[in-house]
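Below, each chain spelled out in residue letters.
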Amino acid sequence: QVDFETKRSYTLKVEGSNPHIDSRFLAWGPYKDEATIKISVEDADEPPVFIAPTYTFEVEENAPQGTPVGRVHAKDTDVANNPVRYMIPRYTDVDQFFTISEDGMITTTRPLDRETQPWHNISVSAIEIGGHHQDTKVRVNIKVKDVNDNSPEFATNNEALMCENVAPGKVIETVSAVDKDEMGHRQHFTFSLAPEVAHNQNFSLKDNRDSTASIYVLRKGFSRLTQDVYYIPIEINDNGFPSMSSTNTLTIRVCSCDSKDTILSCNVEPYVLPAGLSTGALIAILACIVILLAIVVLFVALRRQKKEPLIVFEEEDIRENIITYDDEGGGEEDTEAFDIATLQNPDGANGFLPRKDIKPELQYPIRPGIGHPVPNSVDVDDFIKTRIAEADSDPTAPPYDSIQIYGYEGRGSLAGSLSSLESVTTESDLDYDYLQSWGPRFRKLADLYGTKDCSIHDVDDGEDS
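The model shown is predicted, which means the values in this text are computed figures rather than measured ones.

Peer 1: It is not clear to me how the UniProt feature "transmembrane region" (unreviewed entry) in the protein chain should be interpreted in this structure. Could you clarify?
Peer 2: With numbering matched to this structure, UniProt assigns "transmembrane region" (unreviewed entry) to residues 281-302. Secondary structure content for residues 281-302 is 100% helix and 0% strand, while the C-alpha to C-alpha distance between its ends is 32 Å.

Here it is in structure tokens:
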């Protein structure tokens, strides 16, 4: 492979000969020739080249924004030696933890966390400014150096089980710790009780100096009825720089055990229930409660039914011919003499009873026969029947279909009162003389009920006649 930047031209000497020469023509030789060839290498635009095939840098954890990480360098190998600019492809640094300057210096854009991502593998592109803008890429590996910034914590579950009949001085739990920071072979943890429980009378702690600690019992006579759970705060320290510490709580649960210290139960609920309260008793109590509720509901329903009226009022009853007997002094004989409408219609008591006629909407033409005299040849009886039939069938003739009120009489009527109470009280006020003009059949009545000054002779004459 030729390189213009290394050697721009080549000179070659070429010789050609005939290896198969006929011996008869040897004297005519020699049968070979030489030539010189000069080759010139033309310059081509090539992408920039990084000085190193890969780069590896380190940066401390939690370093502030703008902390330098390292520098990369690439150059243009062409004769023009155009300047080069750098960039970090976003797909290799999605969270944009780093940025790069024009001279190839990589810096941080935010603090890094080793526990989240200890290594960052990115790429850097070098692009030639001018020419054909060719680029090349190089891999950059950035290691995040550990800083002791995490506190230690329990390595396993922070709950211990203890028998009620445990003997004093017995180890009930051994605790250990872990740290999210990078753990070296020299790292270890120390344990101690928190100051608020350092002098308690129940438990004690012993640091085993191998990053573990043992929990001892100081007394006997634990009971789940008195206290079923104990909480022991324990401080854990590491040997990092700077040293980190934390307080973790160990939960000690009191359990019932057999004679071989085998745990039977750590559940405290059975001791809360009174002795002798079995499942059957609970069911009986629930049944009694349900029965009482049913009785209350039934009582309320009955009370509501009593509040409803036993007799439906007339205005609410759609049936016809209903006679009620709930009025004062009422009875079968009273219902005809006493009109309850008087109380139901106060306006009628004042004597004003309006007539509510409903006139027909359609007006029928008057029949030709109505209102005209009938010839003398027509019989009177037929004439009256004809008039009655026409009046009954004529919708325009009164009375119309109307709502009539006949509870009171006399006022507003053209016929006047028909009651005998308002008529004359003495027979002398009546005049029956007009009956004499009706013929001999009514003359006798006229003489009997006529005026008193009529003589007996006149009456006898009437009888004779």
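Read on, since the account is not over.
Peer 1: What should I look at first to understand the nonpolar core in this one?
Peer 2: Soluble globular proteins tend to pack their nonpolar side chains together in the buried interior. Met162, Phe191, Phe203, Ile234 and Ile252 are the most contacted members of the largest nonpolar core, which has 25 residues in total. If you list the elements that add at least two residues to this core, you get β13 (159-163), β14 (171-178), β15 (189-193), β16 (203-207), β17 (212-217), β18 (229-238) and β19 (245-257). Among the elements that line this core, the one with the most residues is β18, at four residues. Discounting chain neighbours no more than four positions away, the residues touching Phe191 are Val175, Ser176, Ala177, Leu205, Asp207, Ser211, Thr212, Ala213, Ile234, Glu235 and Ile236. One finds Tyr55, Val59, Ala63 and Phe98 within the second-largest nonpolar core, a separate group that totals 23 residues.

Peer 1: What am I meant to see in the side chain of Ser214 here?
Peer 2: Note that Ser214 resides in strand β17. Residue Ser214 is classed as buried on the basis of its relative accessible area, which comes to 7%. A polar contact is formed between the side chain of Ser214 and the side chain of Asn208, at a distance of 3.1 Å. In this structure Ser214 touches Val171, Glu173, Thr174, Ser204, Leu205, Lys206 and Asn208, once residues within four positions along its chain are discounted.

Peer 1: Hey, could you run me through the environment of Ile172 in this one?
Peer 2: Inspection of the secondary structure assignment puts Ile172 in strand β14. A relative accessible area of 13% means that Ile172 is categorised as buried. Each C-alpha atom of the pair Ile172 and Leu161 lies 7.5 Å from the other, and the pair is eleven residues apart in sequence. Setting aside residues no more than four positions away along its own chain, Ile172 makes contact with Ala160, Met162, Val166, Phe203, Ile215, Val217 and Ile252.

Peer 1: I keep staring at the state of the cysteines and nothing clicks. Help me out?
Peer 2: Cysteine pairs can be covalently joined through their sulfur atoms, and such a bond is termed a disulfide. Summed over all chains, the structure comprises two disulfides. Between the sulfur atoms of Cys163 and its disulfide mate Cys257 the distance is 2.0 Å. An S-S torsion of about -85° defines the bridge between Cys163 and Cys257 as left-handed. Residue Cys163 is located in strand β13, and its partner Cys257 is located in strand β19; the two are separated by 94 residues in the primary sequence.

Peer 1: It is not clear to me how the confidence of the model for the protein chain should be interpreted in this structure. Could you clarify?
Peer 2: Detailed reading of the predicted coordinates is not advisable wherever pLDDT falls low. Summarising the model, the protein chain shows a mean pLDDT of 77, and 69% of its residues fall at 70 or more. Mean pLDDT values over the elements of the protein chain span from 44, in helix α8 (residues 456-464), up to 96, in strand β9 (residues 105-108). Low pLDDT, under 50, characterises residues 453-465; the predicted model gives this stretch six contacts beyond four residues in sequence or across chains.

Peer 1: What is the right way to read the pattern of salt bridges from this model?
Peer 2: Where side chains of opposite charge bring their charged atoms close, a pairing between them can arise. Per the counting criterion, the structure on display carries eleven salt bridges. For the salt bridge of Arg114 with Glu115, the shortest nitrogen-to-oxygen distance reads 3.3 Å. On the basis of relative accessibility, which here comes to 23%, the residue Glu115 falls in the partly exposed class. The shortest N-O distance in the salt bridge between Arg253 and Glu159 comes to 3.6 Å.

Peer 1: Just checking my understanding: could you explain the packing of aromatic side chains for this structure?
Peer 2: The description of an aromatic ring pair rests on the distance of the ring centres and on the angle between the ring planes. Scanning the model with the defined rule gives six aromatic pairs in all. Arranged with centres 6.4 Å apart and planes meeting at 75°, the rings of Phe50 and Tyr55 form a pair that is edge-to-face. We note that Phe50, like Tyr55, is buried. Site record: aromatic cluster; members linked through ring pairs are Phe50, Tyr55, Phe57 and Tyr86. The lysine or arginine in question, Arg219, covers the ring of Phe222, its NZ or CZ lying 4.0 Å from the ring centre.

Peer 1: Just checking my understanding: could you explain the pairing of β17 for this structure?
Peer 2: Every other side chain in a regular strand lies on the same face of the sheet, so the side chains alternate between the two faces. Burial analysis of β17 places five of its six residues in the buried class, the great majority of the element. Looking at chain direction, β14 and β17 are connected through five bridges and run antiparallel. Looking across to β17, one finds that Val175 is bridged to Ala213.

Peer 1: Hey, could you run me through unusual backbone geometry in this one?
Peer 2: When glycine is set aside, most residues are seen to have a negative phi, and most peptide bonds are trans. Of note, the phi angle at Asn62 is positive, near 65°, even though the residue is not glycine. Its place among the elements puts Asn62 in the loop between β4 (54-60) and β5 (68-71). Note on Asn62: relative accessible area 38%, which makes it partly exposed. Within the chain, Gln96 stands out as a residue other than glycine whose phi angle is a positive 55°. Along the chain, the position of Gln96 falls in the loop between β7 (84-87) and β8 (98-100). The exposure class assigned to Gln96 is partly exposed, which follows from its relative accessible area of 42%.

Peer 1: Is there a simple way to think about the sheet that holds β8 in this case?
Peer 2: Paired through their backbone hydrogen bonds, the strands of a sheet run either parallel or antiparallel. Spatially, β5-β9-β8 is the arrangement adopted by the three strands of the open sheet, whose pairing is antiparallel. Two strands close off the open sheet at either side, each with one partner strand: β5 and β8. With direction set aside, neighbouring strand axes in the sheet form an average angle of 25°. Note: β5 against β9, three bridges, orientation antiparallel. Its bridge partner being in β9, Gly70 is matched across the sheet by Ile106.

Peer 1: What's the story with a nonpolar patch on the surface in this structure? I'm lost.
Peer 2: A cluster of nonpolar side chains, Tyr434, Trp438, Phe442, Leu445, Leu448 and Tyr449, forms an exposed patch at the surface whose accessible area comes to about 640 Å². Here Trp438 shows up in the loop between β22 (402-403) and α7 (440-449).

What counts and how
- Residues numbered from 1 in each chain as written.
- Predicted model: local features only at pLDDT ≥ 70, side-chain atom pairs only at ≥ 80, totals over all residues.
- Heavy atoms only, no water.
- UniProt positions renumbered as here; feature names shortened; annotations may be inferred.
- Helix = DSSP H or I, 4+ residues; strand = E, 2+ residues; numbered from the N terminus.
- Core = buried A, V, L, I, M, F, W, Y, C linked by side-chain atoms within 4.5 Å.
- Buried < 20%, exposed > 50% of the residue type's maximum accessible area, 1.4 Å probe, protein only.
- Contact = heavy atoms within 4.5 Å.
- Polar contact = N/O pair within 3.5 Å; in protein donor to acceptor, adjacent residues only side chain to side chain.
- Disulfide = S-S within 2.5 Å.
- pLDDT = per-residue confidence, 0-100.
- Salt bridge = Lys/Arg side-chain N within 4 Å of Asp/Glu carboxyl O.
- Phe/Tyr/Trp six-rings, centres within 6.5 Å; stacked < 30°, edge-to-face > 60°.
- Lys NZ or Arg CZ within 6 Å of the ring centre and 35° of its normal.
- Pairing = 2+ DSSP bridges.
- Axes fitted to C-alpha atoms, helices over the stretch in contact; angles between N-to-C directions.
- Patch = residues over 30% accessible without salt bridge, like charges linked within 9 Å, V, L, I, M, F, W, Y side chains within 5 Å.
- Areas by Shrake-Rupley, 256 points an atom, 1.4 Å probe, with all protein chains shown as cover.

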